[in-house]
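# Overview (structure and organization)
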Amino acid sequence: MYSHYEFVTGPFAWMAFLIFIFGSIYRFYSLYKLARKKDGAVFEYMDLKFALRSIGHWLTPFGSRSMKLNPSMTVVTFLFHISLFLVPIFVFGHVVLWKENFDISWFTLPNIVADIMTLIVICSCAFFLWRRIKLPEVRYLTTVGDYVILLIVAAPFITGFWAYHQFPGFAAITIIHIISGEIMLIAIPFTKLFHMFTFPFTRGYIGSEFGGIRMAKDW
Amino acid sequence: MNNLDKWDWDTGIKQVADLSAWQEQFSYIEEFRASPDGESVAAIVKNEEMEFTVCRQDFGNDEPETWENGYDKVWNLRFGPDGRLSALVSDVGEWTVCTDDEAWENGYDFVWNMTIAPQDGTVAVSTQKELAYCAVNNDVPWQNSFSRLTDMVISPDAKNTAAVVETIPVLEGEIFKFRKGCYSVAVNGTPWKENFMNAWDPVFSANSSSVAATVRTSYKDYYIAVDGKTWNTSFDSAWAPLFSPAGNSVTAPVKKDGKWYLAKDGDLIWNTPYAQLWHHIYSADGKRIAAIVAPEFGKWTISVDNAPWQVTFSEYVSDPVFSPDGTSVACVFKEKGKWGIAVDGKVWKDRFDMAYPPVFSNDGMSVAAKVEMGGFYHYVLNGEILDSRYKSVEPPLFSHDSSKIMIRGLQLNDWKRDVVAINRRRI
Amino acid sequence: MTESNTVTPVKEIDDKGILKGVEQLTPEKIESTILQVLKDETGAKLKVYVDTCVHCAMCSEGCHFFLSMDRDPKYSPAAKVKQTLWEIIKKKGKVSPEFIKNAAVVAFTQCNLCKRCAMYCPFGIDIAYVISVMRRICHKLGVVPLYIQDTAHSHSVSMNQMWVKDDEWIDTLMWQEEEAQEDIENLRIPLDKEGADIFYSVIGPEPKFRAQLIYQAAVIMNAAGENWTMPSMPGWDNSDMCMYIGDYEMMERLKKEHFECAANLRAKRIVMGECGHAFRSVYDMGNRALGWRMPPVEVVHAIEYYNELFENKKIKIKHKFDRPVTLHDPCNIVRGRGLHEMSRNVVRATCETFIEMTPNREHNYCCSAGGGVINCGPPFKNARVASGKEKAQQLLAAKAKGAEVVIAPCHNCHGGLEDIIHSFGVDMELKFLGDIIYEILDLPEKEE
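Quick notes on the rules
Residues numbered from 1 in each chain as written. Chains lettered and ligands numbered in written order. Predicted model: local features only at pLDDT ≥ 70, side-chain atom pairs only at ≥ 80, totals over all residues. Heavy atoms only, no water. Helix = DSSP H or I, 4+ residues; strand = E, 2+ residues; numbered from the N terminus. Buried < 20%, exposed > 50% of the residue type's maximum accessible area, 1.4 Å probe, protein only. Contact = heavy atoms within 4.5 Å. Areas by Shrake-Rupley, 256 points an atom, 1.4 Å probe, with all protein chains shown as cover. Lys, Arg positive; Asp, Glu negative; His and termini not counted. Charge placed at Lys NZ, Arg CZ, Asp CG, Glu CD. Rg over C-alpha atoms; globule rule 2.2 N^0.38 Å. Domains from an automatic or database assignment. Buried area = accessible area lost by both parts, 1.4 Å probe. Pairing = 2+ DSSP bridges. Axes fitted to C-alpha atoms, helices over the stretch in contact; angles between N-to-C directions. Parallel < 35°, antiparallel > 145°, perpendicular 65-115°, else oblique. Left-handed = near helix turned anticlockwise from the far one by under 90°. Nonpolar A, V, L, I, M, F, W, Y, C, P; charged D, E, K, R; others polar. Expected span 1.5 Å × (residues − 1). Salt bridge = Lys/Arg side-chain N within 4 Å of Asp/Glu carboxyl O. Polar contact = N/O pair within 3.5 Å; in protein donor to acceptor, adjacent residues only side chain to side chain. Patch = residues over 30% accessible without salt bridge, like charges linked within 9 Å, V, L, I, M, F, W, Y side chains within 5 Å. Bend = angle between axes of the 7 residues up to and from the residue. pLDDT = per-residue confidence, 0-100.

## Structural notes on the overall build of chain A
Broken down by element type, chain A carries twelve helices and zero strands. In terms of overall dimensions, chain A has a C-alpha envelope of 60 × 40 × 35 Å along the principal axes. Here chain A, with 219 residues, has 43% of them falling under the buried criterion. Across chain A, contacts joining residues at least 24 apart in sequence account for 63% of those joining residues at least 6 apart. Total accessible area on chain A stands at roughly 11700 Å², and carbon and sulfur atoms take up 76% of it. Across chain A, the mean location of the 18 positive side-chain charges is 12 Å away from that of the 12 negative side-chain charges.

Written out as structure tokens, the structure is:
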């Protein structure tokens, strides 16, 4: 077990982070190059002010009509994304690892908060799963990949929760937790999870178009 | 050619007409036109019987002279290079051309696209009679007529006309028939043997013996066709072709993989990919070519022999023109909603509400253009705005020796002609 | 099962353009055409859009097809992408003629390219753009609904939408000029007047079917004392069905002709009639395709122009229009140019009672006719009108509040709303803003 732990927190972790970082950079760079070559006009219309205006509206809960029409989705999405982002970075157990390995540390979430946020992520994933199965318009669009991604996202949180609460078999689950977290990192540049990076650009572009050229709101 | 030399080039003002007298006489007057030599002014008016007719006043005549004939409608009044005045007129539903108050013998259900040959003032028109379409050159109609005719042009020697015609009549909805090709170019009424999906922009060679046009044979294949024969290479798109003034080679802007190039007889001669390239022009000797280009999206300039100017404009570039010796190029541009003139990549300092095509003097030392500022028209000469302002003005004309410029325009109610000596320097 | 799991077979269609077009396809031709379009003509934009979509279906609420078709998932915007580009990209172009047939029906007749869904997608994915790529592929394959294809052919031959011949155009202008002289003595529709402040351009159907609109415009221009002109030569038509079928080379030719026609006459700006798609063509797609960031000659839509007339008090009215009105917001000039407040200004300046439809402004529902859908003609009329159900309910709600007249400042919207009004028993009168202004315009007494 020990060597497994060593491996997943050592070389595999390094690999996961490197793939995540360089994979994302590569993805970005290739998209940028392609855009320069094929969509030169896009750059002409990008406008920081209107991009931020649009992003601002869409990062505000209920800041768009779309969000108002789907209140449950809005609440879940916001809580989900906030938790998804904060927990892995600020949970005590992770910060300790950074401290031990690199002697750097930062603010940590109180355990009870992290616990609740973890549950939020898990429940949100369940909600998304429910949407995918139950709502015809979502089901129609859903692919196997969408379920796999949901699993990739939910897994580190389920296993983390399990490990933290030391439910039966938590030692093995800890390993799985680490692996699943690393899988998620690796998956980001190569799957739909990359939307976390493209969001500012797609939103910013349509915001620029609507704001600067079309002189209309886009929310 | 007009007789530039024979005109009165003595400096000074000639009052051609006091238009207040016209206004008293006529209840209806359209836009004024000036003759090339500036000694006459004319307009479409309504006579006492409330018929449309044409009124003209020549320098030295105190009274305007109205055409004897009145019509149900007169439009498209223009002076030819020889000073003759032509218009399209209709009487009891029949249309024809009238030059200096003399109507053509043949009448039509409609005539339009009056084209005056710059050489000798020959008039050609597109006509329709009982839904049959043909071109008519100097009152002589084509032998053949067609179900549709567009883009009529007259040859440099004024002896020939060409137009895009529908060779196989297409009814609305016949999309598959259309795709097989139902259009061609007819020269003097005889269509090329080849049919195309579309043909546009026919143009005659300098010696008037050949015609080139842009055609497409499918949605994806655009060609330049010369006398009916297409280039060997097809392109994604192509703009209007042009014959070299020397020889019979043809050039055209062509699009390939989303970028524009200049091609000659099917081969790319400007290999730089441009976001846009159009309206190329030749120097008089045919040795140089200039074109309006966009080196990048949203940036416009002039490229001379594939070397774009450093300066670019964000909104619009038009009317490129070579100096007679082919060493300089001038154009109109628009930037931030205002218009300006640029010569050889150098930008004149002033901006205008509107700028008209620049004109070079014969020696290439001077450039002048008509511009509009604050509701009045001025001339700009070598970058300097001339003082006098006009309610209406014709394009500038340089004397043959390039030492003088003629202004033909309307000040207050006076239509006048002013010949001014100029400093021969380029700014 | 190949791609058929994503193809929901459309009801048998009766459109020769598509059916005969599909007959002429081979798998090789499909693949090479698709790869050419994807490789040469699309880039990061399409890739990012397709990769970023997380299949959340939030766009559904943005689509009047989806809402009108009782939330049938096939009509959700992303579902239309699924039935077209996703599959094509996944299969790298190896799709069947049957797939192309379905994709053509979806792309041409089940999306108005109204861009409303872009406002409902959290990522702001421009699905209209993706659908346009599909149309482009269909165009290159020669699989385009017959009616709109014919219109595009008309554009290519006559530079206008309606096969109007050069002489017919001029003749119509002269005829309308004569008619309008009944209202104003010596009124002119000045042809080819150089240096005018306004170059007035219209769409092909105006001279063909609605010549009185030219007459009305002439009366308004004259009453306002404008220095204006209309061209006698091709370039007068600002409409553009080539844009909607994906024949971008022709779109470029049309827009070049239009802008150069105005520029060569040295007009300061182009004022255009009440049309939406033409505005999209001159303000968004056509100018960009030619390399112009913005239109090279300023383009002023009729709404903006009328607003200017009232703001600058250039025309006088006898009295306000006294029947209660509601206002339709056309997508191409509202989501396309934010003219919704100006149109309301004009309505308030001209009408006594104004009743809003909801949702409105940027969120208004499309008339279901836009994006070239109405131009696909009778074979698709029933489906088109059915997808206007949501619009019909909006109209009925406004009617319940007392509205008797619908103002729609767009030709396509007129066509679409007319059908909706008839089919759903809405029973309201339909007008252009120009109709209202003309009706109440205070003209100087004509000397007899």
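## Notes on the overall build of chain C
Helices and strands together make up the secondary structure of chain C, namely 21 helices and eight strands. Against the compact-globule benchmark of 22 Å for 448 residues, chain C has a radius of gyration of 22 Å, which places it among compact chains. Counting only C-alpha atoms, chain C reaches 80 × 50 × 35 Å along its principal axes. Burial analysis of chain C (448 residues in total) assigns 73% to the buried set. Of the contacts made within chain C by residues no fewer than 6 positions apart, 81% connect residues no fewer than 24 positions apart. Just so you have it, chain C exposes about 13600 Å², and 50% of that area is on carbon and sulfur atoms.

## Quick word on the domain arrangement of chain C
Reports often express the size of an interface as the amount of accessible area lost when the parts come together. All names here are of chain C. According to the domain assignment, chain C contains domain 1 (3-144) and domain 2 (147-448). Spacing between the C-alpha centres of domain 1 and domain 2 amounts to 29 Å. Listed by partner, the interface residues are 27 residues for domain 1 and 32 residues for domain 2. For the pairing of domain 1 and domain 2, the buried interface totals around 2500 Å² over both sides, and the portion due to carbon and sulfur atoms is 56%. Three residues stand out in domain 1 for area buried against domain 2, namely N112, R116 and R136, and they jointly supply 21% of the buried area on that side.

## A closer look at the sheet that holds strand β5 (residues 65-66) of chain B
Residue and element names in this part refer to chain B. On the basis of which strands lie adjacent, the open sheet formed by four strands has the order β2-β3-β4-β5 and antiparallel pairing. Each edge of the open sheet is held by one strand with a lone partner, namely β2 (33-34) and β5. Bridging between strand β4 (residues 52-58) and β5 involves two bridges; their strand directions are antiparallel. If you follow C55 over to β5, its bridge partner there is T66.

## Regarding the pairing of strand β33 (residues 338-343) of chain B
All names here are of chain B. The buried count for β33 comes to five of six residues, which makes it a mostly enclosed element. As judged from the six bridges shared by strand β32 (residues 329-335) and β33, these two strands associate in the antiparallel manner. If you follow A330 over to β33, its bridge partner there is V343. Pairing between β33 and strand β34 (residues 346-347): two bridges, direction antiparallel. Its bridge partner being in β34, V343 is matched across the sheet by K346.

## Section: the environment of W236 of chain C
The topology assignment puts W236 of chain C in the loop between β2 (228-229) and α12 (241-245). For W236 of chain C, the residues in contact, after removing those within four places along its chain, are N160, V164, W169, S201, V202, I203, G204, P207, P231 and H258 of chain C.

## Things to note about the packing of helix α2 (residues 11-38) of chain A against helix α11 (residues 170-190) of chain A
Residues and elements named next belong to chain A. Packing of α2 against α11 leaves a shortest axis separation of 7 Å and a crossing angle of 15°. Judged by the inter-axis angle, α2 sits roughly parallel to α11. The two elements α2 and α11 meet at a crossing, and its hand is left-handed. Of the residues in α11, those in contact with F12, A13, M15, A16, F17, I19, F20, G23, S24 and R27 of α2 are I179, E182, L185, I186, I188, P189 and F190. Partitioning the contact of α2 with α11 into residue classes produces 13 nonpolar, two polar and two charged.

## Overview of helix α6 (residues 71-90) of chain A
Residue and element names in this part refer to chain A. For α6, which comprises 20 residues, the first-to-last C-alpha distance of 28 Å matches the rise-based estimate of 28 Å (1.5 Å per residue) to within 8%. Within the span of α6, buried status applies to M73, T74, V76, F78, F80, S83, L84 and V87. Buried residues in α6 make contact with α4 (48-58), α5 (65-69), α7 (92-102), α8 (111-134), α10 (144-164) and α11.

## Some words on the interface of chain C and chain B
Every contact between the two is made by 56 residues of chain C and, on the other side, 60 residues of chain B. Overall, the association of chain C and chain B removes approximately 5100 Å² of surface from exposure, summing both partners, and the carbon and sulfur fraction of that is 54%. Scanning the region where chain C abuts chain B turns up eleven salt bridges. Across the salt bridge formed by K208 of chain C and E172 of chain B, the nearest N and O atoms sit 3.9 Å from each other.

## Some thoughts on the interface of chain A and chain C
Contacts between the two partners involve 41 residues from chain A and, on the opposite side, 56 residues from chain C. Interface of chain A and chain C: buried area, both sides summed, is about 4300 Å²; carbon and sulfur atoms make up 57% of it. For the chain A face of the interface with chain C, the top three residues by lost area are Y140, L141 and R214 of chain A, together amounting to 18%. Where chain A packs against chain C, one counts five salt bridges. R288 of chain C serves as the salt-bridge partner of E209 of chain A, at 2.5 Å between the closest nitrogen and oxygen. Where chain A meets chain C, there are 31 residue pairs in polar contact (both at pLDDT 80 or more). Breaking the side of chain A that touches chain C down by element, the ones donating at least two residues are α2, α3 (40-45), α5, α8, α9 (136-141) and α12 (195-213) of chain A. Here the side of chain A that touches chain C takes ten residues from α12 of chain A, the largest share from any one element. The class makeup of the residues in the side of chain A that touches chain C is 20 nonpolar, six polar and 15 charged.

## A look at the packing of helix α19 (residues 389-400) of chain C against helix α20 (residues 411-423) of chain C
Residues and elements named next belong to chain C. Where α19 meets α20, the axes come as close as 10 Å, and the angle between the chain directions of the two elements is 75°. Considering their axes alone, α19 and α20 lie roughly perpendicular with respect to each other. Here α19 contributes K391, A392 and L395 to the contact with α20, which in turn contributes L417, I420 and I421. Classifying every residue of the contact of α19 with α20 gives five nonpolar, no polar and one charged.

## Remarks on the side chain of S201 of chain C
Residues and elements named next belong to chain C. Secondary-structure assignment places S201 in strand β1 (residues 198-201). For S201, the side chain forms a polar contact with the side chain of N238, separated by 2.7 Å. Contact partners of S201, with chain neighbours within four places excluded, come to W236, N238, H258, I270, V271, M272 and G273.

## Structural notes on a negative patch on the surface
A cluster of like negative charges, contributed by D72, D91, E94, D109 and E130 of chain B together with E178, E179 and E182 of chain C, occupies part of the molecular surface. Here D91 of chain B shows up in strand β7 (residues 85-91).

## Notes on the pairing of strand β24 (residues 250-256) of chain B
All names here are of chain B. Among the seven residues in β24, six count as buried, and that is most of the element. In the sheet, strand β22 (residues 237-238) pairs with β24 via two bridges, with the strands oriented antiparallel. In the strand pairing of β24, A238 is matched with V254. Here strand β23 (residues 242-243) pairs with β24 via two bridges, running antiparallel. Counted as the bridge partner of L242 is T251 from β24.

## Looking at the pattern of salt bridges
Residue and element names in this part refer to chain C. The tally for this structure, following the rule as stated, stands at 65 salt bridges over all chains. One salt bridge connects K39 with D40, and the closest N-O pair in it is separated by 3.2 Å. Across the pair E249 and R136 runs a salt bridge, and its minimum N-O distance is 2.8 Å. Here E249, found in helix α13 (residues 248-264), pairs with R136, found in helix α7 (residues 127-141); they are 113 residues apart in sequence, far enough to count as distant. Each of R323, E404, E429, K431 and E439 takes part in salt bridges that share partners, so that together they form one network.

## What about helix α14 (residues 277-290) of chain C?
All names here are of chain C. Largest kink in α14: about 35°, centred on Y283. Here α14 lies mainly inside the structure; 13 of its 14 residues are buried. One or two positions beyond α14, positive phi appears at G291, with a value near 100°.

## Focus: the confidence of the model for chain C
Detailed reading of the predicted coordinates is not advisable wherever pLDDT falls low. All names here are of chain C. Put simply, chain C has an average pLDDT of 95, and 97% of its residues get 70 or more. Contacts from residues 1-8, a stretch scored under 50 in pLDDT, to residues over four places away or in other chains number 18 contacts. At the level of chain-chain contacts, confidence expressed as ipTM amounts to 0.97, with global pTM at 0.96.

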